[in-house]
Amino acid sequence: MNEATEFARHLFSSTGEPPFDDVLNGLREVGVDRLVEPGRMHRHVLGFVQLRLATSASRELRIHHWPAGASFAEEPHTHLWDLTSYVLSGEIASTEYAVRQTSDESPHRLFVVKPAPAGTVREPTRQQVSVSIVKRESHGAGSSYFVKHGVYHTSEPSSTSALTLITTSAPMVDYPLVVATPQSSRLGHAPMAPPTSQEIDEFRRALWQAIE
């Protein structure tokens, strides 16, 4: 078992979510060179680079890097699981939404996101919905925030770049949901592509600056 996996197992064994200082000290003990394994990294369709540190039947641990100059445009969506995000550097804007079924001529529709051979596919429902902001918060380096499964939210950097460590619970529901217009060009997610060598170097540099 390598150090990164051991670090993840230590976090997974904690009762509740560990304090930020414990997370940061654990990352320091493992070290950037042993944490950053290119074979565990992908470029997400939403623009960030993802490093999967560990996955079990009930938990997942990963690091997300939003590089400077990338384009991010999330739509209100839910997750299968509860998540806690630790902001290691930069600043993240987290927004929660109220999504309600409506009979009015709303431009928004509810989609179910399901797995497919080529990533995921969005299946439209007949539900027209209204969308309103419930809460918008900004989280800087050294802070953390929690998003419960089934809550419609978006997260994106409000700084030039950002780095977060994500822990998730076991899946609570069968499928996530997303709110979009029927004309949305985003019909699903293609398989995540490997990062470029430049993206790996930027990821490693950002992590080093955040924890050293």
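Structural notes, computed from the coordinates. (Residues numbered from 1 in each chain as written. Predicted model: local features only at pLDDT ≥ 70, side-chain atom pairs only at ≥ 80, totals over all residues. Heavy atoms only, no water.)

A separate point is the packing of aromatic side chains. Scanning the model with the defined rule gives two aromatic pairs in all. Ring centres of Phe20 and Tyr86 lie 6.2 Å apart, and the angle between their planes is 50 degrees; this geometry places the pair in the tilted category. Linking Phe20 in helix H2 (residues 20–30) with Tyr86 in strand E4 (residues 83–89), this pair joins segments that are 66 residues apart in sequence. Across this residue pair, the class does not change: Phe20 and Tyr86 are buried. Centroid distance Phe48 to Trp66: 5.3 Å. Interplanar angle 55 degrees. Geometry classified as tilted. Here Phe48, found in the loop between strand E1 (41–43) and strand E2 (49–55), pairs with Trp66, found in strand E3 (residues 60–66); they are 18 residues apart in sequence, far enough to count as distant. Trp66 matches Phe48 in its accessibility class, with the two residues each being buried. (Phe/Tyr/Trp six-rings, centres within 6.5 Å; stacked < 30°, edge-to-face > 60°. Helix = DSSP H or I, 4+ residues; strand = E, 2+ residues; numbered from the N terminus. Buried < 20%, exposed > 50% of the residue type's maximum accessible area, 1.4 Å probe, protein only.)

A separate point is the nonpolar core. If you look at the biggest cluster of nonpolar residues, it comprises 28 residues, and the most contacted ones within it are Leu27, Leu53, Ile63, Leu88, Leu165 and Leu207. Broken down by secondary-structure element, the contributors of at least two residues to this core are helix H1 (3–12), H2, helix H3 (32–35), E2, E3, E4, strand E10 (162–168) and helix H4 (197–211). Sequence-distant contacts of Leu27, that is, excluding residues within four places in its chain, are made with Phe7, Leu35, Ile63, Leu88, Leu165 and Ile211. Counting eleven residues, the second largest nonpolar core, distinct from the first, contains Trp81, Ile92, Val147 and Ala162. (Core = buried A, V, L, I, M, F, W, Y, C linked by side-chain atoms within 4.5 Å. Contact = heavy atoms within 4.5 Å.)

Moving on to the layout of surface pockets. Taken as a whole, the largest pocket spans an internal volume of roughly 1100 Å³. Lining the largest pocket are 49 residues, with His44, Arg62, His79, Trp81 and His189 sitting closest to its centre. Elements represented by at least two residues in the lining of the largest pocket include exactly E2, E3, E4, strand E6 (108–116), strand E7 (119–140), strand E9 (152–157), E10 and strand E11 (177–180). Considering every element that reaches the lining of the largest pocket, the biggest residue donor is E3, with four residues. Across the lining of the largest pocket, the residue classes break down as 20 nonpolar, 19 polar and ten charged. (1 Å grid on protein atoms, 1.4 Å probe; cavity = no way out; pocket = protein on both sides within 12 Å on 5 of 7 lines; lining within 4 Å. Points joined across faces, edges and corners; volume = space filled by probe spheres on them. Nonpolar A, V, L, I, M, F, W, Y, C, P; charged D, E, K, R; others polar.)

All right, on to H2 then. Residues of H2 that are buried include every one of Phe20, Val23, Leu24, Gly26, Leu27 and Val30, and no others. All buried residues of H2 fall inside an arc of 160 degrees around its axis, so they share one side. Looking at H2, the residues exposed on the side facing more than 90 degrees away from the buried face are Asp21 and Glu29. (Arc of directions from axis to C-beta.)

Next up on the list: the environment of His77. You can see His77 is positioned in the loop between E3 and E4. Separated by 48 residues in sequence, His77 and Glu29 have C-alpha atoms that sit 35 Å apart. Contacts of His77, omitting those with residues within four sequence positions, involve Val151, Tyr152, His153, Thr154, Leu177 and Val178. A distance of 3.4 Å separates a polar atom in the side chain of His77 from a polar atom in the side chain of His79. (Polar contact = N/O pair within 3.5 Å; in protein donor to acceptor, adjacent residues only side chain to side chain.)

Turning to the sheet that holds E11, a few remarks are in order. As summarised here, the arrangement of the five strands in space is E9-E5-E7-E6-E11, forming an open sheet in which the pairing is antiparallel. Every interior strand has two partners, whereas the edge strands, E9 and E11, have only one. Averaged over all adjacent pairs, the angle separating strand axes in this sheet is 45 degrees, with direction ignored. Bridge count between strand E5 (residues 91–101) and E9: six bridges; the pairing is antiparallel. Bridge assignment links Tyr97 to a residue of E9, and that residue is Tyr152. (Pairing = 2+ DSSP bridges. Axes fitted to C-alpha atoms, helices over the stretch in contact; angles between N-to-C directions.)

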